[in-house]
Amino acid sequence: MTRLGTAILAAVSLCAAAAEAPVQAVGGGIGQASAALQAGQADLAISILSSLPQPESNSADAHGIRCRVLFTLEQYDLAQPECEKTVAMDWQNSMNHLWLGRVLGERAETASFVTAYNLAKRARGEFEQSVQLNPRNAEALADLGEFYYSAPGVVGGGIGKAQGVAAQLDKVDPARAHELRAAIAQENHDYVTAENEFRQAIAASPHPAFQWMRLASFFRKNKRDQEMQTALQNGKAAAERDRQHSAVALFNGASVLIKANQNLLLAIKFLQQYIASSNQTEEAPVFVAHTWLARLYKQTGDAAGAARERSAALALASTYRPAQDLKI
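None of the values given here were measured: they were computed from a predicted structure.

Draft legend 1. Broad picture of the overall build of the chain. The number of helices and strands found in the chain is 18 helices and zero strands. Taking 20 Å as the expected radius of gyration for a compact globule of 328 residues, we find that the chain reaches 20 Å, a close match to that expectation. Projected onto its principal axes, the C-alpha coordinates of the chain cover approximately 55 × 55 × 40 Å. Across the 328 residues that make up the chain, the buried fraction comes to 51%. Relative to all contacts within the chain whose residues are 6 or more apart in sequence, the contacts with residues 24 or more apart total 55%. Total accessible area on the chain stands at roughly 15,100 Å², and carbon and sulfur atoms take up 51% of it. In the chain, which carries 31 positive and 32 negative side-chain charges, the distance between the mean positions of the two groups comes to 4 Å.

Take a look at the structure:
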């Protein structure tokens, strides 16, 4: 058997075991739904929410979790009204505005010009409101900064605004501040500064596996393949030293390799380790990891492995379109 075949068989066994592990109850129905969301069990999360009694099933928390589950499923049209209800019911919550902004931003990516214009303006307003409600919300600051450097001025974007957000992040999350400055430098085609900022982000981060994977992504985009591989190995080592906080970095590393179409053995291993970990998150939905593995197995000629992984994805998220559409 080839090394690739051995890795695939190992991945299958570990992933199957992880998929069968039940979600632990956490503080009642809302807590159970949240735990299911983090474990990538989208169908279970929706089922739990649907079974809640009134008024809990119509609470801001319930609508918020529905919004986030639908976001992981990439069903942004359905997520939007759930996020809007959450904001209306708990307007002072910074994270509620952040999630609505994210949904609106995703919808703007594929909308017609006029619709995209209106959605983008609304997204900017939600990001700004999130930061206004909590100026120390590092996630909101990072998303607002990303909007500013990537969006045109007509909808409120601007490099100067993004630089201002980076200055705010300096006081809250220095690693994110460096990442934002790296992205701004890339937007300005200043790749030397971008690389330097990514390396400063690694030095500043308490969990540098994430920043190593982002540096690897930077090298991939600039066709610096050997440096990409080195950054990925450094990210892997950092994640192994910090298993409690950095499992999702392995998912990110697999994404880099898949996009580069290189070192598929390592991509398989990263996904295998992430699925088998006890530190999964909605940021890297497990059903997406299963779908990626199915594609890798198909690409390497393992039709049976691809079918198993597709089934595992759909068992967790039966309406996830990329898994549904995957032809084995």
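Moving on from the model shown.
Draft legend 2. The packing of aromatic side chains, seen in detail. As enumerated under the stated definition, the model contains nine aromatic pairs in all. Ring centres of Phe198 and Phe218 lie 5.5 Å apart, and the angle between their planes is 50°; this geometry places the pair in the tilted category. Here Phe198, found in helix α11 (residues 191-204), pairs with Phe218, found in helix α12 (residues 209-221); they are 20 residues apart in sequence, far enough to count as distant. Taken as a pair, Phe198 and Phe218 share a single burial class, namely buried.

Draft legend 3. Geometry of the packing of helix α9 (residues 159-170) against helix α10 (residues 174-187). Running from N to C, α9 and α10 point in directions that differ by 160°, and their axes come no closer than 7 Å. One element, α9, and the other, α10, form an angle in the roughly antiparallel class. Of the two possible hands of crossing, α9 and α10 adopt the one that is left-handed. The segment α9 lies against α10, with Ile159, Ala162, Gln163, Val165, Ala166, Ala167, Leu169 and Asp170 engaging Pro174, Arg176, Ala177, Leu180, Arg181, Ile184 and Glu187. Per-class residue counts for the contact of α9 with α10 are 10 nonpolar, one polar and four charged.

Draft legend 4. Layout of the state of the cysteines. Evaluation of the coordinates by the stated rule reveals one disulfide. Disulfide pairing is shown between Cys67 and Cys83; the S-S distance is 1.7 Å. Of this pair, Cys67 sits in helix α4 (residues 60-72) while Cys83 sits in helix α5 (residues 76-89); the two residues are 16 residues apart in sequence, bridging distant segments of the chain. Taking relative accessible area as the criterion, Cys67 reaches 1% and is therefore assigned buried.

Draft legend 5. Here's a closer look at the nonpolar core. Ranked by internal contacts, the top residues of the largest apolar core, which has 99 residues, are Phe251 and Phe287. Examining the composition of this core, we find that nine residues originate from one element, helix α14 (residues 243-260), more than from any other. If we ignore the near neighbours within four places in the chain, the residues touching Phe287 are Gly40, Ala42, Thr72, Leu73, Ala313, Leu316, Ala317 and Tyr320.

Draft legend 6. Representation of empty space enclosed by the protein in the model. In the structure shown here, the tally under the stated rule is one cavity of 30 Å³ or more. A volume near 30 Å³ is recorded for the largest cavity.

Draft legend 7. A look at helix α6 (residues 94-110). Helix length check: α6 (17 residues) gives 26 Å between terminal C-alpha atoms against 24 Å at 1.5 Å per residue, within 8%. Within α6 the residues assigned to the buried category are Ser94, Asn96, His97, Leu98, Trp99, Leu100, Gly101, Arg102, Val103, Leu104 and Ala108. Residues of α6 that are buried make contact with α4, α5, α7 (113-133) and α8 (138-150). At the N-terminal end of α6, a side-chain oxygen is found 2.9 Å from the backbone nitrogen of Met95, two or three residues along, and the residue is Asn93.

Draft legend 8. Structural detail: the pattern of salt bridges. Summed over the entire model, instances satisfying the criterion amount to 14 salt bridges. Between Asp170 and Arg181 there is a salt bridge; the shortest N-O distance is 2.6 Å. Separated by 11 residues along the polypeptide, Asp170 in helix α9 and Arg181 in helix α10 bring together distant segments of the chain. Overlapping salt bridges, with partners in common, bring together Glu195, Arg199, Arg224 and Glu227 in one network.

Draft legend 9. Seen up close, the side chain of Arg102. Looking at where Arg102 falls in the secondary structure, it is placed in helix α6. Beyond its immediate chain neighbours, meaning those up to four positions away, Arg102 contacts Phe71, Phe127, Glu139 and Asp143.

Draft legend 10. Looking closely at unusual backbone geometry. In this structure, Pro55 follows Gln54 across a cis peptide bond, with omega equal to 0°. Here Pro55 is to be found in the loop between α3 (42-51) and α4. Despite not being glycine, His189 has its phi angle at roughly 60°, a positive value. Residue position: His189 is located in the loop between α10 and α11.

Draft legend 11. View of the environment of Glu56. Of note, Glu56 is situated in the loop between α3 and α4. Assessed through its relative accessible area of 31%, Glu56 is described here as partly exposed. If we skip the residues at most four places from it in the chain, Glu56 touches Gly29, Ile30 and Ala62.

Criteria and thresholds
- Residues numbered from 1 in each chain as written.
- Predicted model: local features only at pLDDT ≥ 70, side-chain atom pairs only at ≥ 80, totals over all residues.
- Heavy atoms only, no water.
- Helix = DSSP H or I, 4+ residues; strand = E, 2+ residues; numbered from the N terminus.
- Rg over C-alpha atoms; globule rule 2.2 N^0.38 Å.
- Buried < 20%, exposed > 50% of the residue type's maximum accessible area, 1.4 Å probe, protein only.
- Contact = heavy atoms within 4.5 Å.
- Areas by Shrake-Rupley, 256 points an atom, 1.4 Å probe, with all protein chains shown as cover.
- Lys, Arg positive; Asp, Glu negative; His and termini not counted.
- Charge placed at Lys NZ, Arg CZ, Asp CG, Glu CD.
- Phe/Tyr/Trp six-rings, centres within 6.5 Å; stacked < 30°, edge-to-face > 60°.
- Axes fitted to C-alpha atoms, helices over the stretch in contact; angles between N-to-C directions.
- Parallel < 35°, antiparallel > 145°, perpendicular 65-115°, else oblique.
- Left-handed = near helix turned anticlockwise from the far one by under 90°.
- Nonpolar A, V, L, I, M, F, W, Y, C, P; charged D, E, K, R; others polar.
- Disulfide = S-S within 2.5 Å.
- Core = buried A, V, L, I, M, F, W, Y, C linked by side-chain atoms within 4.5 Å.
- 1 Å grid on protein atoms, 1.4 Å probe; cavity = no way out; pocket = protein on both sides within 12 Å on 5 of 7 lines; lining within 4 Å.
- Points joined across faces, edges and corners; volume = space filled by probe spheres on them.
- Expected span 1.5 Å × (residues − 1).
- Polar contact = N/O pair within 3.5 Å; in protein donor to acceptor, adjacent residues only side chain to side chain.
- Salt bridge = Lys/Arg side-chain N within 4 Å of Asp/Glu carboxyl O.

Everything listed here is a matter of geometry and, on its own, says nothing about what the molecule does.
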